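# Examining the three-dimensional arrangement
Here's the letter readout for the chains.
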Amino acid sequence: MPILWLRVALGFYAIGLLYALVALTRRGGLMNKLAVPAMGVGMIFQFVALTEAIVSSGQLTLASVHHSESLLALLIMAAFLIVYGVYGTTSPGIVVFPLVFLLTFVSATGQQPFLLTSGVMSKRWLFAHIAMIFAGYAGLFLSFSASLLYLIQEHNLKAKKPSGIFGRLPALEVIDEIGFRSLLLGFPFMTLGLILGTVVAQATYHKIDVLDPKILLSFLMWLVYLLLVYTRWSAGWRGRRAAYLATGAFAAAVVAWAANYFSAIHRFVQS
Amino acid sequence: MNLQLIGVNHKTAPVEVRERLAIPESRLAEAMKQLMQHPGVDEGMILCTCNRVEILAQTKNGSGDLHAFLEKYFHIEPSQFEPHLYEYREREAIQHLFRVAASLDSMVVGEPQILGQVKEAYATARAVGAVYSQLDLLLTRSFAVAKRVRTETSVGSSAVSVASVAVELAKKIFGSLKGKHVCLVGAGKMSELAARHLQAHGAASIFVANRTYERAVQLAAKFNGQAIRFSDIYDSCDRADIVISSTGAPVAIFRREHGERFLARRKNRPMFFIDIAVPRDVDPEMNKLDGIFVYDIDDLQQAVASHVADRQKEAERAEAIIEGEVDRFLARLQTLDVVPTIVSLQDHLETIRQAEIDRVRGRLGPLTPEQEMAIEALTRGIVNKIMHTPISTLKTAAKESEATTVVDVVRRLFNLQDREKAAKSGDGN
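On a predicted model such as this, the values are computed, not experimentally measured, just so you know.

Per the secondary structure count, chain B includes 17 helices and ten strands. Each of the 429 residues in chain B was classed as buried or not, and the buried ones make up 37%. Taking all contacts inside chain B whose residues are at least 6 apart in sequence as the whole, residues at least 24 apart take part in 69%.

See the structure below:
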């Protein structure tokens, strides 16, 4: 059943995806009105799917990639909705919607490669660890999206064509603010999530292998994240430099995610 | 409706002709009074802006000769203005008025001032009693149409002048202009205008630098701003989010190295340079710095031009709206027209009178011509006395907004609609 809800959610997210594509080509009036409500309905279905999955299995099984991607999509959408509520702009959707679609797509169609088996550790703590890291990811990704929009808008203004295809983008400083705020919002989550992960791992394995690729990459990602916040805070780095850094942090995050496949600690499949 | 409109505008007449026909605002009321005294004119209004002079009149049975009025009022030969004159009647006149009010006939399509000018002319005309009935309806309708065009199309949404383009660009960069600081380098009319626009949109403070310090102080006083010495600009300009430069300097005052210094001090917060000077005050190289946006006069004018093109597209949609509104207005006028109702009321009572006479004549036997005349006079007298009040009520109503209701009531009381229809279908057979 959860998989069905998830697929329904996917259907609604497809409308958002379409919006993102249309926004690139012309100022779609209908899509503008449709996208946010459709994505909202999609979120509801996704939430139902996730809850049902957790309830039916009787435990927090979030650590399976299958559900975690879905949760990540949900959190990213939530972050997007907060921005939408505060700034009334759907522009970040151009970047956010396709990713949400992709994550949900993978989770709705993919197999379940990982199973949570480490029965020793507290499942609640693990859940908190994952949720926080993902909230951090969501903030980071939104900031990354904002950086891209910033670059587009900056380019438009420099090229003296501020009313082109992207004529409806928010003002440059507003985009910048969205990016910085989501960064600030995501950072504490990411930090706490990593600390929590370390504590849980410590409790489970009684030692932490610092050279484990997952841990190494996660730490690297956190460092880039920190650098991003710091440069923006102290030197006001924005635009191109901020976009490069955000891309770096985001790439590190993706690699850290992929490292699940190589990490000894983070492997949930019993070998 | 006997509506006439004649006039000249920027498209049909060169400025030499328009200025011969221009009426200063102070004399407009007087001119409208004279128009009212012109033979055949029932109601009238004169619209006079720098781009157009138009006379709109409701005439008695279409008789008034507005050409003659122009000739008489301005004391000029018809040959001097006739070739440039346009003339519309009835439907076309309504359409023209709607287009003017909605700013579709303007030099810069969509500019907002024209509606205000039409409203002023209307107010003047009303004050002198030159507009009171049908023209009143028509003009108030034209304001509603203009508003509709403005809200339903984006004809009026884009900025026009260089100054408002500057504001629009500043908003693209900063979002809101609240709390933003503006620096004027060099005092010129255009930069002053731009600063005024920015201030109107919420810019917090304005400081002025000029080679002649006294001039800077003068200008700063106008904006409640602050004057700074010209030699201090490199130290002070980083405080400004928007710099408007318009000096007569032969070489650029702001160069790349200055921009880099500003950015460092501002922690890379964006800066917007509006360069109105020719030759340019801001080195185009500055535009290559991250976070600095430089627009020179050509860029601004290009933005203005692209807006004009956009507007043209929207104007087509606006034309369609106006077409529909003209139809609606005409339909409404028809119900407003009391004459047909009066005629059919008279016909109706006359038919009754004749029928009644015919009915009693048989019973009266042969009558002398004097008796015939007496009966005729008696019945006619009764009918006329009864009809007097309804007809005068209808005639007064025609000049008020309640005409539709009164016409409707009279028609229902005497069952006139059905009669007319019956008569019409009778004619058809």
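Moving on to the overall build of chain A. Regarding its fold elements, chain A presents eight helices and zero strands. Reading the helices (α) and strands (β) of chain A from amino to carboxyl end gives α-α-α-α-α-α-α-α. Counting over 271 residues, chain A shows a buried share of 46%. Pairs at least 24 apart in sequence give 81% of the contacts found in chain A among residues at least 6 apart.

The next subject is the pairing of strand S1 (residues 3-9) of chain B. All names here are of chain B. Counted residue by residue, S1 has six buried out of seven residues, so it is predominantly covered. Taken together, the seven bridges between S1 and strand S3 (residues 52-59) define a ladder with antiparallel strand orientation. Pairing of Val 8 across the sheet is with Val 53, part of S3. Two elements, S1 and strand S4 (residues 86-89), share four bridges in a ladder whose sense is antiparallel. From the neighbouring strand, Leu 5 faces S4, where its bridge partner is Tyr 88.

Let us look at helix H8 (residues 239-258) of chain A. An α-helical turn contains 3.6 residues, so any two residues separated by three or four positions project in the same direction. Its 20 residues place the ends of H8 of chain A 28 Å apart at the C-alpha level, agreeing with the 28 Å of an ideal helix rising 1.5 Å per residue. Gly 239, Ala 242, Ala 243, Leu 245, Ala 246, Ala 249, Phe 250, Ala 252, Ala 253, Ala 256 and Trp 257 of chain A are the residues of H8 of chain A that are buried.

With that settled, consider unusual backbone geometry. All names here are of chain B. The phi dihedral of His 75 falls on the positive side, at around 55°, and the residue is not glycine. With 7 C-beta atoms packed within 10 Å, His 75 lands in the exposed category. The phi dihedral of Ser 103 is positive, around 65°, even though this residue is not glycine. In this fold, Ser 103 is placed in the loop between helix H5 (90-101) and helix H6 (113-127).

All names here are of chain B. Where helix H2 (residues 25-37) meets H6, the axes come as close as 9 Å, and the angle between the chain directions of the two elements is 55°. By the angle class used here, H2 and H6 are oblique. Handedness of the H2/H6 crossing: right-handed. Residues Leu 28, Ala 29 and Met 32 of H2 lie in contact with H6, whose contacting residues are Thr 124, Ala 125 and Ala 127.

Each side of the interface is counted separately: chain B has 18 residues, and chain A has 16 residues. For the side of chain B that touches chain A, the secondary-structure elements that each account for two or more residues are helix H8 (162-174), strand S10 (292-296) and helix H13 (297-336) of chain B. Here the side of chain B that touches chain A gets five residues from one element, more than from any other, and that element is H8 of chain B. Residues that form the side of chain B that touches chain A fall into these classes: six nonpolar, six polar and six charged.

This next bit is on the pairing of strand S5 (residues 181-185) of chain B. All names here are of chain B. Burial runs high along S5: four of the five residues are buried. One ladder, built from five bridges, connects S5 with strand S6 (residues 205-210); its direction is parallel. Bridge pairing in S6 places Val 185 opposite Ala 209. Note that the unit made of S5, helix H9 (residues 189-200) and S6 has a crossover that is right-handed. Strand direction decides the pairing type here: S5 and strand S8 (residues 242-245), joined by four bridges, are parallel. By the bridge assignment, Val 185 is partnered in S8 with Ser 245.

What follows concerns the environment of Ile 133 of chain A. Residues and elements named next belong to chain A. Position of Ile 133 among the secondary structure elements: in helix H5 (residues 123-158). The exposure class assigned to Ile 133 is buried, which follows from the 26 C-beta atoms found within 10 Å. Residues Ile 133 and Pro 188 lie 55 residues apart in sequence; the distance between their C-alpha atoms is 9.6 Å. Once residues lying within four places of it in the same chain are set aside, the contact partners of Ile 133 are Met 190 and Gly 193.

This paragraph deals with the sheet that holds S10 of chain B. Neighbouring strands of a sheet are bound in pairs by backbone hydrogen bonds; such pairs are parallel or else antiparallel. Residues and elements named next belong to chain B. Ordered by their spatial adjacency, six strands build an open sheet running S7-S6-S5-S8-S9-S10, and the pairing between neighbours is parallel. Among the strands making up the open sheet, the edge pair consists of strand S7 (226-229) and S10. Taking each pair of neighbouring strands and ignoring which way they run, the sheet shows an average axis angle of 20°. Across five bridges, strand S9 (residues 271-275) lies against S10 in parallel orientation. By the bridge assignment for S10, Phe 272 is matched with Phe 293.

So, on to the nonpolar core. Counting 126 residues, the largest nonpolar core has Ile 76 of chain A together with Phe 273 of chain B as the members making the most contacts within it. The element that contributes the greatest number of residues to this core is H5 of chain A, accounting for 16 residues. When sequence neighbours within four positions are dropped, the list of residues in contact with Ile 76 of chain A reads Val 96, Leu 99, Val 100, Ala 138 and Phe 141 of chain A.

Cut-off values and rules
Residues numbered from 1 in each chain as written. Chains lettered and ligands numbered in written order. Predicted model: local features only at pLDDT ≥ 70, side-chain atom pairs only at ≥ 80, totals over all residues. Helix = DSSP H or I, 4+ residues; strand = E, 2+ residues; numbered from the N terminus. Buried ≥ 20, exposed ≤ 12 C-beta atoms within 10 Å, placed from the backbone. Contact = placed C-beta atoms within 7 Å. Pairing = 2+ DSSP bridges. Expected span 1.5 Å × (residues − 1). Axes fitted to C-alpha atoms, helices over the stretch in contact; angles between N-to-C directions. Parallel < 35°, antiparallel > 145°, perpendicular 65-115°, else oblique. Left-handed = near helix turned anticlockwise from the far one by under 90°. Nonpolar A, V, L, I, M, F, W, Y, C, P; charged D, E, K, R; others polar. Right-handed = clockwise from strand over helix to strand, strands pointing away. Core = buried A, V, L, I, M, F, W, Y, C linked by C-beta atoms within 7 Å.

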